[in-house]
Amino acid sequence: MRHPLVIGNWKLNGSTKMVKELIEKLHNELNNIINCNIAIAPPTLYLSQAKKALINSNITLAAQDVDINLFGAFTGDNSAEMLKDIGVKYVIIGHSERRIYHNETDELIAQKFSILKSQGLIPVLCIGESKEENNAGKTEQVCANQIDKILHYLSIDAFKNSVIAYEPIWAIGTYKSATPTQAQSVHKFIRNHIAKQDPIVAEKIIIQYGGSVNVNNASKLFVQPDIDGALVGGESLKAHSFISIVNTASIIKKVY
Ligand code: PGA
């Protein structure tokens, strides 16, 4: 029994006006959704504004990143304690854009995972292969390695009440999603890989798909048994698209 989760990853997009207008629309249209957990991840600067706008809403707040330290001389960083303090529930870590543009290593990502768990926040661990790795048939190996690196530092218990987002890098922002069959096969592999450590954790863990999710492909992805929702980038900036994707998840996954 898994409750689907759809998160809107706004990336480096937004303004006070946009946050106000977009959240107003989401708030109005998504308030009756009970079969799908919903979160939005605006840029850190707008989290407090978003939190206020989300009062009395079933939409929760996610952050796009976190530092490995809780406080101190770390100019420009934001701590897990601060994110928790302002009302964040989920934190995306290991997104390929951070792995690539900020040289984030699996070890650093494991540290972020650990600090989030220590603060009672829910990590959304992004994993996924590049186009070259995909072409070379290394998708499963890459995903397994990225999970094993976390397990090298933390026990399988850390994955209880955590989220994994499978995001093939070649599908992000390209309008070329993985096919539902491709995605389902990787999701199943990921769940089986975790089941080798703990079948109960594997059964319960939410595995989102991310990479060019839109109103047209959402239903075909969500009918797949191991796809428990989506991490939505570009389409989460358009109210009507995000609302439709959440509604689709809520309807399709109702049977669970
Ligand atoms: P996209 O991004 O939906 O724009 O492909 C997804 C993500 O990077 O989380």
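Look a little higher up for the structure.
This one's a predicted model, so the numbers in the text were calculated from it and none came from an experiment.

With that settled, the discussion passes to the overall build of the chain. When you go through the chain residue by residue, the secondary structure sums to 11 helices and 8 strands. Since a compact globule built from 256 residues should have a radius of gyration of about 18 Å, the 17 Å found for the chain is in line with a globular shape. When the backbone C-alpha atoms are referred to their principal axes, the chain occupies close to 45 × 45 × 35 Å. When each of the 256 residues of the chain is scored for burial, the buried share is 54%. Considering only residue pairs separated by 6 or more positions, the chain has 73% of its internal contacts joining residues 24 or more positions apart. Surface accessibility of the chain: about 11900 Å² in total, with carbon and sulfur atoms responsible for 53%. The distance from the centre of the 26 positive side-chain charges to the centre of the 24 negative ones in the chain is 6 Å.

Inspection of the region around the ligand gives 13 residues, with Lys11, His95, Glu167, Gly173 and Ser212 positioned closest. Interatomic distance of 3.4 Å between a side-chain N/O atom of asparagine 9 and an oxygen atom of the ligand. In this structure, an oxygen atom belonging to the ligand sits 2.7 Å away from a main-chain N or O atom of serine 212. Protein contact buries 95% of the 280 Å² of open area that the ligand shows by itself.

A few words on unusual backbone geometry. Peptide bonds are, in most cases, trans, and in most cases residues other than glycine have a negative phi. For lysine 11, which is not glycine, the phi dihedral falls at a positive 55 degrees. Take lysine 11: it is sitting in the loop between β1 (5-9) and α1 (16-30). The phi torsion at tyrosine 175 lies on the positive side, around 65 degrees, for a residue other than glycine. Following the sequence through the fold, tyrosine 175 ends up in the loop between β6 (163-166) and α8 (180-195).

A word on the pattern of salt bridges. On inspection of all chains with the given rule, the structure shows 16 salt bridges. For the salt bridge of lysine 149 with aspartate 106, the shortest nitrogen-to-oxygen distance reads 3.9 Å. With a gap of 43 residues between them, lysine 149 in helix α7 (residues 139-153) and aspartate 106 in helix α5 (residues 106-118) connect regions that are remote in the sequence. Taking relative accessible area as the criterion, lysine 149 reaches 38% and is therefore assigned partly exposed. Here aspartate 228 ties to arginine 191 by a salt bridge, and the two come within 2.8 Å at their closest N and O atoms. Note that aspartate 228 is positioned in the loop between α10 (218-222) and β8 (229-232) and arginine 191 in helix α8, a separation of 37 residues in sequence. Each member of the pair, aspartate 228 together with arginine 191, is buried. Linked by salt bridges that have partners in common, Arg2, Arg191, Glu203, Asp226 and Asp228 make up one network.

As a further point, take the state of the cysteines. All told, the structure shown has 0 disulfides when counted by the stated rule. Unpaired in this structure, cysteine 126 has its nearest cysteine sulfur neighbour in cysteine 143, at a distance of 11 Å. The class of cysteine 126 is buried, set by a relative accessible area of 2%.

So, how was this worked out
Residues numbered from 1 in each chain as written. Predicted model: local features only at pLDDT ≥ 70, side-chain atom pairs only at ≥ 80, totals over all residues. Heavy atoms only, no water. Helix = DSSP H or I, 4+ residues; strand = E, 2+ residues; numbered from the N terminus. Rg over C-alpha atoms; globule rule 2.2 N^0.38 Å. Buried < 20%, exposed > 50% of the residue type's maximum accessible area, 1.4 Å probe, protein only. Contact = heavy atoms within 4.5 Å. Areas by Shrake-Rupley, 256 points an atom, 1.4 Å probe, with all protein chains shown as cover. Lys, Arg positive; Asp, Glu negative; His and termini not counted. Charge placed at Lys NZ, Arg CZ, Asp CG, Glu CD. Near = heavy atom within 4 Å. Polar contact = N/O pair within 3.5 Å; in protein donor to acceptor, adjacent residues only side chain to side chain. Salt bridge = Lys/Arg side-chain N within 4 Å of Asp/Glu carboxyl O. Disulfide = S-S within 2.5 Å.

By themselves, these observations are geometric and do not establish any function.
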